[in-house]
Amino acid sequence: MTGLFFEPDDATQLTQDEREGLLQTWIAVRSDLNEAEEANIAKGASSAKKTRARSPEAVLNETFVRTLHKRMFGDVWAWAGTYRPSGRNIGIDAWRIPAEIANLLDNMRFWLGQKPFP
């Protein structure tokens, strides 16, 4: 098991649809993709920690979220930092993403301000 997903065969070839938007031509199988994304995520996450350390509220806006997504996936995917236009086998319908991001950020601002959880 890797991360959230059970990968029965890391040598599984990516389909043409799965490769659409890939920037790295060496990525051919699932394990290659996992490796490239993991390295890019680590780089992006370190910049997020620095921003949050300056001000927790600074990360609670759509611009920051999209910029973070670009930092975390921009070395791997051409579409990083944008909302996906098509469905995937995990997550919500693509058309719901903008509204759900806004809802998430609103909830987080409320939680920070009201502190409803210990």
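Since the structure is predicted, the reported quantities are computational estimates derived from the model, not experimental observations.

K.L.:
Which parts of the structure should I look at to understand helix 4 (residues 97-114)?
P.N.:
Note that an α-helix has 3.6 residues per turn; residues three or four places apart therefore point the same way. The end-to-end C-alpha separation of helix 4 is 25 Å, in line with the 26 Å expected for 18 residues at 1.5 Å each. Listed in full, the buried residues belonging to helix 4 are I97, I101 and L105. Down the axis of helix 4, the smallest arc covering the buried residues is 70°, so these residues share one side. In helix 4, those exposed residues whose orientation departs by more than 90 degrees from the buried face are A99, G113 and Q114. The secondary structure elements touched by the buried residues of helix 4 are helix 3 (62-73).

K.L.:
Got a minute to help me understand unusual backbone geometry in this structure?
P.N.:
Apart from glycine, the bulk of residues carry a negative phi angle, and the bulk of peptide bonds sit in the trans form. If you check the backbone angles, K115 has positive phi at about 50° while not being a glycine. Along the polypeptide, K115 turns up in the segment after helix 4. Taking the relative accessible area as the measure of exposure, K115 reaches 61% and is therefore exposed.

K.L.:
Before we go on, may I ask you to explain the nonpolar core in this structure?
P.N.:
One broad trend across soluble globular proteins is that nonpolar side chains are buried collectively. By size, the foremost hydrophobic cluster in this structure holds 18 residues, and its most contacted members are L22, I27, L33, V76 and W77. Those elements that provide at least two residues to this core are helix 2 (30-54), helix 3 and helix 4. With four residues, helix 3 is the single largest residue contributor to this core. Leave out the neighbours within four places in its chain, and V76 touches G21, L22, L23, Q24, I27, L33, A36, E37 and N40.

K.L.:
What should I look at first to understand the pattern of salt bridges in this one?
P.N.:
Two side chains that carry opposite charge are able to pair once their charged atoms sit near each other. If you walk through the whole model with that rule in mind, you get five salt bridges. Its salt-bridge partner being D75, residue K43 comes within 2.6 Å of it at the nearest N-O pair. Placement of the pair is K43 in helix 2 and D75 in the loop between helix 3 and helix 4, with a sequence separation of 32 residues. The class of D75 is partly exposed, set by a relative accessible area of 36%.

K.L.:
Explain a nonpolar patch on the surface to me, please; I cannot follow it from the model alone.
P.N.:
Residues F110, W111 and F117 make up a contiguous nonpolar surface patch of about 360 Å² in total accessible area. Its location among the elements puts F117 in the segment after helix 4. Here F117 falls in the exposed class, since its relative accessible area comes to 56%.

K.L.:
What am I meant to see in the side chain of R30 here?
P.N.:
Looking at the element boundaries, R30 is found in helix 2. A distance of 2.8 Å separates polar atoms of two side chains, one belonging to R30 and the other to E18.

Scoring rules and cut-offs
- Residues numbered from 1 in each chain as written.
- Predicted model: local features only at pLDDT ≥ 70, side-chain atom pairs only at ≥ 80, totals over all residues.
- Heavy atoms only, no water.
- Helix = DSSP H or I, 4+ residues; strand = E, 2+ residues; numbered from the N terminus.
- Expected span 1.5 Å × (residues − 1).
- Buried < 20%, exposed > 50% of the residue type's maximum accessible area, 1.4 Å probe, protein only.
- Arc of directions from axis to C-beta.
- Contact = heavy atoms within 4.5 Å.
- Core = buried A, V, L, I, M, F, W, Y, C linked by side-chain atoms within 4.5 Å.
- Salt bridge = Lys/Arg side-chain N within 4 Å of Asp/Glu carboxyl O.
- Patch = residues over 30% accessible without salt bridge, like charges linked within 9 Å, V, L, I, M, F, W, Y side chains within 5 Å.
- Areas by Shrake-Rupley, 256 points an atom, 1.4 Å probe, with all protein chains shown as cover.
- Polar contact = N/O pair within 3.5 Å; in protein donor to acceptor, adjacent residues only side chain to side chain.

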